[in-house]
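Tertiary structure, described
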Amino acid sequence: MEGLDTLTRSLARRTPEQLAALLTRHAEPLARRPAPTELRGLASALWSYETLHHLVLHLDHPRLKVLATIARISQERAAQDAPGPAAPAPGADYQSLMAHRLSFAQLATAPVPPEDVLAALEATGAARGAAESALRALYDDALAAPTEDGAVVVPPRTPQLLAAHDLGPFRAEAPRPVPDDPAGAGTPVPAVPATSPHDESRAAAATLAATADRLLASLATQPAALRKSGGLAVREIKRLAKAAGAGEAHTRLLLDLALAAGLIALTRTPAGITALPTGAYDDWLARPPGQRLAPLLAAWSALWAIPTHTPFGETPTALVRGHDRYAPALRHALLATLATVPPGAGAPLATPSPGTVPHGLLRAADWHRPLAVTAQPLAEDRAAHTLDEAAYLGLVAHGTLTPLGRALLAAPHSLDEPLALAHRLLGLTPQPGEAAATGGG
């Protein structure tokens, strides 16, 4: 429990504003657990396996490499200090095997001096500065905590999460995406696009707003019936696609975004479950067309699914709760990579043909989210569908980000609710009838 004590003390030293920013960054995984009422509870929630599994997906290469290095050294030292039990005898039962795998030596961690981490990374010069910056970011995100004597502790489940991933040598800077076949190596130089990313974004946004309007109006007129097994039947998707004037894949995308944005609700009736617009739909209609895109784009950035991607053998559907926790990190990696491409220079990185994506783009995106891009099955197919969705939403054009895409990538989040929770955790504004939470937990 020493690590949780260290993290709790670290959280207690933060200002309400700093704690609010932490809660905002980690809002999604923390929302899946009971709300903590004290700092010790917040520390336990942050270092739980489920939360940690979510958070590491959103680390770039420097932070992930530093965290993995700390975890490896920490576990090695813990195993030396307190060796685990002897290996089970041949033919041992399942409980004995799991007890050995989850032994103290497998889960324990020990504090590690930062200098030992930098030495293991062989980080010198600019790379050393990048590694130190990554360590500070891990502190800020509560994925590591400093002890009183300046050493570093990390969550005890970190070695299990990261041991199987080969991150290669430490890379301080993001690689620039390059075409698979650079100009001059047999591929003609692409022609300058007739339109700019701004023009493409404006046209896509106008089309998207009108299409979403027609889709939701059709649902308001005739609610869609879901299958008993969940999701919309193909005939319902075809009906809605015709009413919206969109392809079936993009109709599925818009339906899932509208559900995630709270514009559609699934309601149980005597005849079954139906999908129809909510009261928020009326407020949405009252907005100017451009502002109607905001909740849909925000929903896309956090959606646990790639709605236009249907793995082989599965039936395309919509309005099913997504379970693809890697999808948001994949989106961020692709958008962050294309953000480095200046407008007018990205044509060679545009998708060569439907269902494909330049390998140079994937390799560069790996740096931004190493666990969510090529480390996942069907990486190219998933990335291609993600980029197609981004283009349809007006976020990507001509191999670079549009102004709308750049705005979404850097969108600020409201701090109102997390700030209120931060004050409660620090005991500054206890709720009526509650005892004030203490900083020490």
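Everything numeric in this text was worked out from a predicted model, so none of it was measured. (Residues numbered from 1 in each chain as written. Predicted model: local features only at pLDDT ≥ 70, side-chain atom pairs only at ≥ 80, totals over all residues. Heavy atoms only, no water.)

1. Here's the deal with the overall build of the protein chain
Counted only if it meets this: In this description a helix means any DSSP run of H or I spanning at least four residues, a strand means any run of E spanning at least two, and both kinds are numbered starting from the N terminus. Type-normalised accessible area, obtained with a 1.4 Å probe on protein chains alone, sets the label of each residue: buried when under 20%, exposed when over 50%, and partly exposed for intermediate values. Whether two residues touch is decided by their heavy atoms; if any such pair falls within 4.5 Å, the residues are in contact. Note that accessible areas follow from Shrake-Rupley with a 1.4 Å probe, and for residues the cover is restricted to the protein chains shown.
The helix and strand tally for the protein chain stands at 21 helices and seven strands. In the protein chain, buried positions account for 44% of the 441 residues. A sequence separation of at least 24 residues applies to 75% of the contacts in the protein chain between residues at least 6 apart. Total accessible area computed for the protein chain in this model is approximately 21200 Å², and 57% of it derives from carbon and sulfur atoms.

2. Looking at the packing of helix α12 (residues 197–221) against helix α13 (residues 234–244)
The description of two helices packed together rests on the angle between their axes and the distance between the axes. Worth spelling out the cut-off: Orientation is described by lines fitted to C-alpha atoms, with helices fitted over the stretch in contact, and by angles between N-to-C directions that extend from 0 to 180 degrees. Angle categories: roughly parallel below 35 degrees, roughly antiparallel above 145, roughly perpendicular from 65 to 115, and oblique for all the rest. The hand of a helix crossing depends on one turn: near helix anticlockwise from the far one by less than a right angle means left-handed, and clockwise means right-handed. Residues are grouped as follows: Ala, Val, Leu, Ile, Met, Phe, Trp, Tyr, Cys and Pro are nonpolar; Asp, Glu, Lys and Arg are charged; every other residue, Gly included, is polar.
One way to put it is that α12 packs onto α13 with a least axis distance of 8 Å and a crossing angle of 130 degrees. When the axes of α12 and α13 are compared, the pair comes out oblique. Relative to α13, the crossing made by α12 is right-handed. Only R239, L240, A243 and A244 of α13 make contact with α12, whose side of the interface consists of T211, R214, L215, S218 and L219. Tallied by class, residues from the contact of α12 with α13 come to five nonpolar, two polar and two charged.

3. Brief notes about the sheet that holds strand β3 (residues 224–225)
The test is simple: Here the rule is simple: two strands pair whenever DSSP picks up at least two bridges between them.
Here three strands make up an open sheet; going across it, the order is β3-β5-β4 and the pairing antiparallel. Of all strands in the sheet, those with a lone pairing partner are β3 and β4 (264–269), marking the two edges. As judged from the two bridges shared by β3 and strand β5 (residues 272–277), these two strands associate in the antiparallel manner. Directly across from A225, in β5, lies its bridge partner T274. On the sheet, α12 packs against β3, β4 and β5 and is oriented at approximately 130 degrees with respect to β5.

4. Remarks on the side chain of E236
Rules: The term polar contact refers here to a pair of N or O atoms within 3.5 Å; inside protein, the definition further demands a hydrogen-donor-capable atom paired with an acceptor-capable atom, and it admits residues adjacent in sequence only when both atoms are side-chain atoms.
Examined against the element boundaries, E236 turns out to sit in helix α13. From its side chain, E236 meets the backbone nitrogen of A225 in a polar contact 2.9 Å long. Side-chain polar atoms of E236 contact the side chain of R239, separated by 2.9 Å. Here E236 is in contact with P223, A224 and A225, once residues within four sequence places are set aside.

5. Topic: the confidence of the model for the protein chain
Caution is warranted with low-pLDDT regions, since their predicted coordinates should not be read in detail. Spelled out, the test is: Scored from 0 to 100, pLDDT reflects the predictor's confidence in each residue.
Taken over all residues, the pLDDT of the protein chain has a mean of 85, while the share at 70 or more is 80%. Between residues 183–189, whose pLDDT stays under 50, and residues either more than four places distant or in other chains, the model counts three contacts. Low pLDDT (under 50) marks residues 429–441, which in the prediction has 21 contacts with non-local residues, meaning those over four places away or in another chain.

6. Some details on the nonpolar core
What counts is decided by this rule: Residues belong to one nonpolar core when they are buried, are Ala, Val, Leu, Ile, Met, Phe, Trp, Tyr or Cys, and are joined through side-chain atoms within 4.5 Å.
The biggest cluster of nonpolar side chains holds 55 residues, and the ones touching the most others in it are L216, L232, L255, L257, W300, L393 and L395. Put simply, the parts of the chain that give this core at least two residues each are α12, α13, α14 (248–260), α15 (279–286), α16 (293–302), α17 (327–338), α18 (359–368) and α19 (379–392). The residues touching L232, leaving out its near neighbours within four places in the chain, are A224, A225, L226, R227, I237, L240, L255, T317, A318 and L319. L55, V66, A134 and L143 belong to the second-largest nonpolar core, a separate cluster that totals 31 residues.

7. With respect to the pairing of β4
Sheet topology places β4 next to β5; six bridges connect them, and they run antiparallel. When the bridges of β5 are listed, T267 appears paired with T274. Between β4 and β5, which pair antiparallel and follow one another directly, the connecting turn spans two residues.

8. Topic: the packing of aromatic side chains
Here is the rule: Centres within 6.5 Å make a pair out of two Phe, Tyr or Trp rings, where for Trp the six-membered ring is used; the pair is then stacked when the planes are under 30 degrees apart, edge-to-face when over 60, and tilted otherwise. Geometrically, a lysine NZ or arginine CZ counts as sitting over a ring once it is within 6 Å of the ring centre and also within 35 degrees of the ring normal.
Here the structure, examined in full by the defined rule, presents one aromatic pair. Geometrically, the ring pair formed by Y281 and W284 is stacked, given 6.1 Å between the ring centres and 25 degrees between the ring planes. A residue pair is termed a helical-turn pair when its members lie 3 or 4 positions apart in one helix, as Y281 and W284 do in helix α15 at three residues. For the pair Y281 and W284, a shared accessibility class is recorded, and that class is buried. When the ring centre of W284 is taken as reference, the NZ or CZ atom of R292 above it lies at 5.3 Å. Directly above the aromatic system of W300 lies the positively charged group of R331, at a separation of 5.0 Å from the ring centroid.

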